[in-house]
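In case you want the letters, here they are:
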Amino acid sequence: MNSRKGFSEFKRGIEEKAEETGYALNPDRKALDMLFEGLYRNLERYGYPSCPCRLAEGVFEKDIDIICPCLYRDPDLYYHGRCYCSLYVNEDYIEKRKGQGPIPERRPMKRAAISKVGDRIGVKNVGERYRCNICGNEVTVTKVGGGVLVCCGEEMELIQ
Ligand code: SF4
């Protein structure tokens, strides 16, 4: 790891940026420091601070959506009161109104899973019903395209 000075500057940069832009960081100092360490480790490893809670590929173009702050931070703050890692939080989370349990992964399905799913035929018949076991969305097929239905980053379950 680079010098502690580099780490301290990195951490301070995130804290200052959060303050300037009106975002709150997790008040749990221990959790926050672990996330800063993870981000800094990824910065050293890949050259950019990819999300410490997700597996990066190490290719900037492929990881661009999960470079912190990721593309998913704001919708997760809105719906769950915190980002996926809980680095950024809002009042809903602090006051325990939202985001106390695990939150669904908003990032589209992982590449490995996409290629696995791509080998199979999914939807077969009009009228099939599928459910997302993470958020509870249910959909009914009105036209068959043959692909696999995905929600919250996971394949949906055929229920009927
Ligand atoms: S989930 Fe949070 S820590 Fe992870 S990249 Fe997004 S904003 Fe950063």
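Because the structure is predicted, anything quoted here is derived from the model rather than measured.

J.: Which residues make up the nonpolar core, and what values go with them?
T.: Among the nonpolar cores identified, the biggest contains 18 residues, and C83 and C85 are the most heavily contacted of them. Listing elements by their share of this core, those giving two or more residues are helix 2 (29-46) and strand 2 (88-89). Here this core takes four residues from helix 2, the largest share from any one element. Excluding residues within four positions of it along the chain, C83 makes contact with R73, D76, L77 and Y88.

J.: Which residues make up the environment of G122, and what values go with them?
T.: Mapping G122 onto the fold places it in the loop between helix 6 (111-118) and strand 3 (129-131). Given 19 C-beta atoms within 10 Å, G122 falls into the partly exposed group. In this structure G122 touches G146, G147, V148 and L149, once residues within four positions along its chain are discounted.

J.: Pulling in residues and values, what's your account of the site of the ligand?
T.: In the neighbourhood of the ligand, 14 residues make up the surrounding shell, with C51, C68, C70, C83 and Y84 lying closest. A breakdown of the residues in the shell around the ligand according to their chemical character gives 13 nonpolar, no polar and one charged.

J.: Let's hear about helix 2: which residues, and what values?
T.: For helix 2, which comprises 18 residues, the first-to-last C-alpha distance of 25 Å matches the rise-based estimate of 26 Å (1.5 Å per residue) to within 8%. The set of residues buried in helix 2 consists of L35, F36, L39, Y40 and N42. Looking straight down helix 2, one finds that the buried residues subtend no more than 160 degrees of arc, so they occupy a single side. Of the exposed residues in helix 2, those oriented more than 90 degrees away from the buried face are K30, D33 and R45. The elements touched by buried residues of helix 2 are helix 1 (4-21). In the stretch just after helix 2, G47 is the one whose phi turns positive, near 95 degrees.

J.: Can you break down the sheet that holds strand 3 residue by residue, with the values?
T.: Strand order in the open sheet formed by three strands is 4-3-7, and the pairing between neighbours is antiparallel. Every interior strand has two partners, whereas the edge strands, strand 4 (138-140) and strand 7 (157-158), have only one.

J.: Can you lay out the packing of helix 1 against helix 2 for me, pointing to particular residues and giving the numbers?
T.: Between helix 1 and helix 2, whose axes approach to 10 Å, the crossing angle comes to 115 degrees. Considering their axes alone, helix 1 and helix 2 lie roughly perpendicular with respect to each other. Helix 1 and helix 2 meet at a crossing whose hand is right-handed. Across the interface between the two elements, F7, F10, K11 and I14 of helix 1 pack against F36, Y40 and L43 of helix 2.

Conventions we followed
Residues numbered from 1 in each chain as written. Predicted model: local features only at pLDDT ≥ 70, side-chain atom pairs only at ≥ 80, totals over all residues. Core = buried A, V, L, I, M, F, W, Y, C linked by C-beta atoms within 7 Å. Buried ≥ 20, exposed ≤ 12 C-beta atoms within 10 Å, placed from the backbone. Helix = DSSP H or I, 4+ residues; strand = E, 2+ residues; numbered from the N terminus. Contact = placed C-beta atoms within 7 Å. Near = placed C-beta within 6 Å. Nonpolar A, V, L, I, M, F, W, Y, C, P; charged D, E, K, R; others polar. Expected span 1.5 Å × (residues − 1). Arc of directions from axis to C-beta. Pairing = 2+ DSSP bridges. Axes fitted to C-alpha atoms, helices over the stretch in contact; angles between N-to-C directions. Parallel < 35°, antiparallel > 145°, perpendicular 65-115°, else oblique. Left-handed = near helix turned anticlockwise from the far one by under 90°.

By themselves, these figures tell us nothing about what the structure is for.
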